[in-house]
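# Observations on the three-dimensional arrangement
Next come the chains, spelled out residue by residue.
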Amino acid sequence: SVARLGLYHSINGGSNWSEVGALSNNLGSVRDVHFDDVRRVAVQGGNLLYSLDSGSHWQVGYSAQQGVNFDELHFPTATTGFASGGITSELGSFGSVARSQDGGTTWTLLSFPHGQITAADFTSASVGALATLTSQVYVTNNGGGSWQPITALPDAAVVIDLAMRDASHWYA
């Protein structure tokens, strides 16, 4: 379970909770986490963190930068992951996308000049889609190297969740 300032674990159906690691000691809310056997990846306060020991200790894979914000993690493969999000202020609307090719240990910030990202999904290391605050949806077929707009949703609603089941079946 992800909570505002920490990551918590229950082994009895939620009757009792214990903190995983000490993320509540850091600044910023924990927004999302990804798990595999022992590796954990977390978004916290603009940082992308990883743990190689089931969350007991955390290291920074990507340090927070001014104007860069992440809300979601997606790992379509064991090694390739994407973090997405953004921020809108009086200075404008900015989208943030980062890609990891080593399971979340290191991250590369990708170009996304289309505004704050409100939802994302990736079906592979190369194919993904992002929705923006302006109700536009963009797709990539090259791992985030470039983004192409597709037809907006009929009601121009802001998409808060996006699910790509395969190349043809999407839900928003």
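This section reports on the structure supplied with the text. This structure is a prediction, so every number in the text was calculated from the model and none was measured.

Assigned secondary structure in the protein consists of zero helices and 16 strands. Dimensions of the protein along its principal axes, counting C-alpha atoms only, are 45 × 35 × 30 Å. Evaluated residue by residue, the protein yields a buried proportion of 43% over its 172 residues. Partitioning the contacts of the protein with sequence separation of at least 6, the portion at a separation of at least 24 is 37%. In the protein, 6 positive and 13 negative side-chain charges are present, and the distance between their average locations comes to 4 Å.

On to the packing of aromatic side chains, then. Scanning the model with the defined rule gives six aromatic pairs in all. Between the aromatic rings of phenylalanine 82 and phenylalanine 122, the centroid separation amounts to 3.9 Å while the plane-to-plane angle is 5°, which identifies the pairing as stacked. Here phenylalanine 82 is found in strand S8 (residues 81-89), whereas its partner phenylalanine 122 is found in strand S11 (residues 117-122), with 40 residues between them in sequence. In this structure, phenylalanine 82 and phenylalanine 122 share a single accessibility class: buried.

Taken in spatial order, the four strands make up an open sheet running S3-S4-S5-S6, and their pairing is antiparallel. On the outer flanks of this sheet lie strand S3 (30-35) and strand S6 (59-62), each paired with one strand and no other. Across the sheet, the axes of successive neighbouring strands diverge by a mean angle of 30°, strand direction being ignored. In terms of strand pairing, strand S5 (residues 47-51) meets S6 through three bridges, oriented antiparallel. From the neighbouring strand, tyrosine 50 faces S6, where its bridge partner is glutamine 59.

Our next topic: the layout of surface pockets. Roughly 180 Å³ of internal volume is contained in the largest pocket. Gln65, Gln66, Gly67, Val68, Asn69, Ile87, Ser89, Leu91 and Phe94 together form the lining of the largest pocket. Residue composition of the lining of the largest pocket, grouped by class: four nonpolar, five polar and no charged.

So, about the pairing of S3. Bridge analysis of S3 against strand S4 (residues 40-44) gives five bridges, and the strand direction is antiparallel. Counterpart to valine 30 in the pairing with S4 is glutamine 44. Turn length for the S3-S4 hairpin, with the two strands adjacent in sequence and antiparallel, is four residues.

Here we come to the pairing of strand S12 (residues 128-132). S12 sits mainly inside the fold: five of its five residues count as buried. Going residue by residue along S12, you find Gly128, Leu130 and Thr132 tucked away on one face and Ala129 and Ala131 tucked away on the opposite face as well. In the sheet, S11 pairs with S12 via five bridges, with the strands oriented antiparallel. Bridge pairing in S12 links alanine 119 to alanine 131.

Rules of the game
- Residues numbered from 1 in each chain as written.
- Predicted model: local features only at pLDDT ≥ 70, side-chain atom pairs only at ≥ 80, totals over all residues.
- Heavy atoms only, no water.
- Helix = DSSP H or I, 4+ residues; strand = E, 2+ residues; numbered from the N terminus.
- Buried < 20%, exposed > 50% of the residue type's maximum accessible area, 1.4 Å probe, protein only.
- Contact = heavy atoms within 4.5 Å.
- Lys, Arg positive; Asp, Glu negative; His and termini not counted.
- Charge placed at Lys NZ, Arg CZ, Asp CG, Glu CD.
- Phe/Tyr/Trp six-rings, centres within 6.5 Å; stacked < 30°, edge-to-face > 60°.
- Pairing = 2+ DSSP bridges.
- Axes fitted to C-alpha atoms, helices over the stretch in contact; angles between N-to-C directions.
- 1 Å grid on protein atoms, 1.4 Å probe; cavity = no way out; pocket = protein on both sides within 12 Å on 5 of 7 lines; lining within 4 Å.
- Points joined across faces, edges and corners; volume = space filled by probe spheres on them.
- Nonpolar A, V, L, I, M, F, W, Y, C, P; charged D, E, K, R; others polar.

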